[in-house]
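Secondary and tertiary structure notes
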Amino acid sequence: MLRLGPLAAAGRLLPAGPRLGLPCPSGGWVSLSRSRPPGPVGDRGLLARQVRAAAGSAGGGRSPALKTPKGTRDHPPAHVALRDRLLAAVVTCFKRHGAAAIDTPVLELRETLTGKYGEDTKLIYELQDQGGELLALRYDLTVPFARYLAMNKITNMKRYHVAKVYRRDNPATTRGRYREFYQCDFDIAGQFDPMIPDAECLKIVHEILSDLQLGDFIIKVNDRRILNGVFAVCGIPESKFITTCSTVDKLDKMPWEEVRSEMVGEKGLSPEAADHIGEYVQLHGGLDLIEQLLQDPKLSQNKLAKEGLGDMKLLFEYLTLFGITGKISFDLSLARGLDYYTGVIFEAVLLQPENDHVEEPVSVGSVAGGGRYDGLVGMFDPKGRKVPCVGVSIGIERIFSILEQRLKLRSEDEVR
């Protein structure tokens, strides 16, 4: 018996008309004539409208928005070539100091990242449940490195890592602040003589910023122990150290009056305590300031502050041997709001370029930052074993924004 295909079977439903088809052995015809589908013309109009409505509701009725997500950007070939040259210069410096490269997943367990970044925890990109795992996009390269050390039971390592990180921040593209951006990290893990790894990190920042010839810069340094000592002698309870530190960290963006107002109005400090903090955190200098604070009647009696000031003095002695103290400033306003810092912290900022025809110089904030985080690896180790670590991150996207702006200005000058 001849089996009818779908087309032939459908042909049996067609209305009578001129017979076009094949004779069937069992009798009758398999019609291949083309006739309109059953039903009145009005039904076909209704069906067409329903199809169009369904397509529109599924997004098929409009073209997709041709834009990148907020806080991200495409890079044309010229930009990629420039960025590659920047990265090559940075990596060359890292290798010169004996670091080896590692890589880690862009995804981390959410619990790996939370509780490490202070008030910035809200900027972590959290993902929906993925097969029973709560995941997040990495916020930086430091916490994944600490997890890597603990997971692999590594206690001594000098590493660098160049990769993208993600922050749900308010982007400011003219200042090189994006939601997706590259970080270039150099870290030293392990037991060494005090302040030698810290001094090496600062030397690396100095070398990179000098090699790139971005203009004049200053590297601010402070110590979390000194800050905590200041808070203690000013009568701040230890439970408020971290939140107070986060507020002090805003001094590079806000005047002291606004920072003081936040301390009193939002953080619950007394006006007297805030004023006392203000006497300290507005100080900056060099070895002379360190000596002055070592003689301070209150700070000199605080164990944490005394330890921090002693290490800061030793650090400056090493930096003097390196010949770079002219670019270093001991600045008590520097706080760096991340929770995991335990000792020396530092941040490099570009100074305003002396350029007559630039009305508004490119303002990109800090271009490098880092510090010591001796307790972070222990947070991941099952037995709580600590591995002393110190590291620096080079803000390659912000540096790229400066160079991009300068190339644009140079092109405009040539046109004139």
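Residue positions are given per chain, counted from 1 along the sequence in the order it is written. Reporting of local features is limited, given that this is a predicted model, to residues whose pLDDT is at least 70; pairs of side-chain atoms are given and counted only at 80 or more, and all residues count toward the totals for whole chains, interfaces and linings. Here the side-chain values reflect all heavy atoms present in the structure, with hydrogen atoms and water set aside.

Points about the overall build of the chain
Keep this limit in mind: Only DSSP runs of H or I with at least four residues qualify as helices, and only runs of E with at least two residues qualify as strands; both kinds are numbered from the N terminus onward. In this scheme, a residue with accessible area under 20% of its type's maximum is buried, one over 50% is exposed, and one in between is partly exposed, where area comes from a 1.4 Å probe on protein chains only. Note on contacts: a residue pair qualifies if any of its non-hydrogen atoms lie within 4.5 Å across the two residues.
Across its full length, the chain carries 13 helices and 13 strands. Taken across its 416 residues, the chain has 45% of its residues classed as buried. A sequence separation of at least 24 residues applies to 69% of the contacts in the chain between residues at least 6 apart.

Points about the pattern of salt bridges
Put simply, the rule is: Any Lys or Arg side-chain nitrogen found within 4 Å of a carboxyl oxygen on Asp or Glu counts as a salt bridge.
As enumerated under the stated definition, the model contains 21 salt bridges in all. Where glutamate 262 meets lysine 250, a salt bridge forms, and the shortest distance between an N and an O atom there is 3.0 Å. Of this pair, glutamate 262 sits in helix 9 (residues 256–265) while lysine 250 sits in the loop between helix 8 (241–248) and helix 9, placing them 12 residues apart in sequence. On the basis of relative accessibility, which here comes to 24%, the residue lysine 250 falls in the partly exposed class. Salt-bridge contacts for arginine 260 lead to aspartate 275; the nearest nitrogen and oxygen are separated by 2.6 Å. Within this pair, whereas arginine 260 is found in helix 9, its partner aspartate 275 is found in helix 10 (residues 271–281), the two being separated by 15 residues in sequence.

Some remarks on the confidence of the model for the chain
Our working rule: The predictor's confidence in any single residue is recorded as pLDDT, a number from 0 to 100.
In this model, the chain carries a mean pLDDT of 84, and residues with pLDDT of at least 70 account for 80%. In this model, residues 356–363 is a region of pLDDT below 50 whose contacts with residues beyond four sequence positions or in other chains number 9 contacts.

Things to note about helix 8
Across the 8 residues that make up helix 8, a large majority, 6, are buried. Within helix 8 the residues assigned to the buried category are Phe241, Thr244, Cys245, Ser246, Thr247 and Val248.

Digging into unusual backbone geometry
Positive phi values are uncommon outside glycine, yet lysine 153 reaches one of about 55 degrees. Here lysine 153 is to be found in the loop between helix 5 (142–151) and strand 6 (157–166). You can call lysine 153 exposed: its relative accessible area is 65%. For methionine 195, which is not glycine, the phi dihedral falls at a positive 70 degrees. Looking at the element boundaries, methionine 195 is found in the loop between strand 7 (180–189) and helix 6 (196–212).

Topic: the pairing of strand 12 (residues 366–372)
How we decide: Whether two strands pair comes down to DSSP finding at least two bridges between them.
Burial runs high along strand 12: 7 of the 7 residues are buried. Here strand 11 (residues 344–350) runs beside strand 12; their pairing, made up of 5 bridges, is antiparallel. In the sheet register, glutamate 347 faces strand 12, and the bridge partner there is glycine 369. Where strand 12 lies against strand 13 (residues 389–394), 5 bridges are found, and the strand directions are antiparallel. Pairing of alanine 368 across the sheet is with isoleucine 394, part of strand 13.

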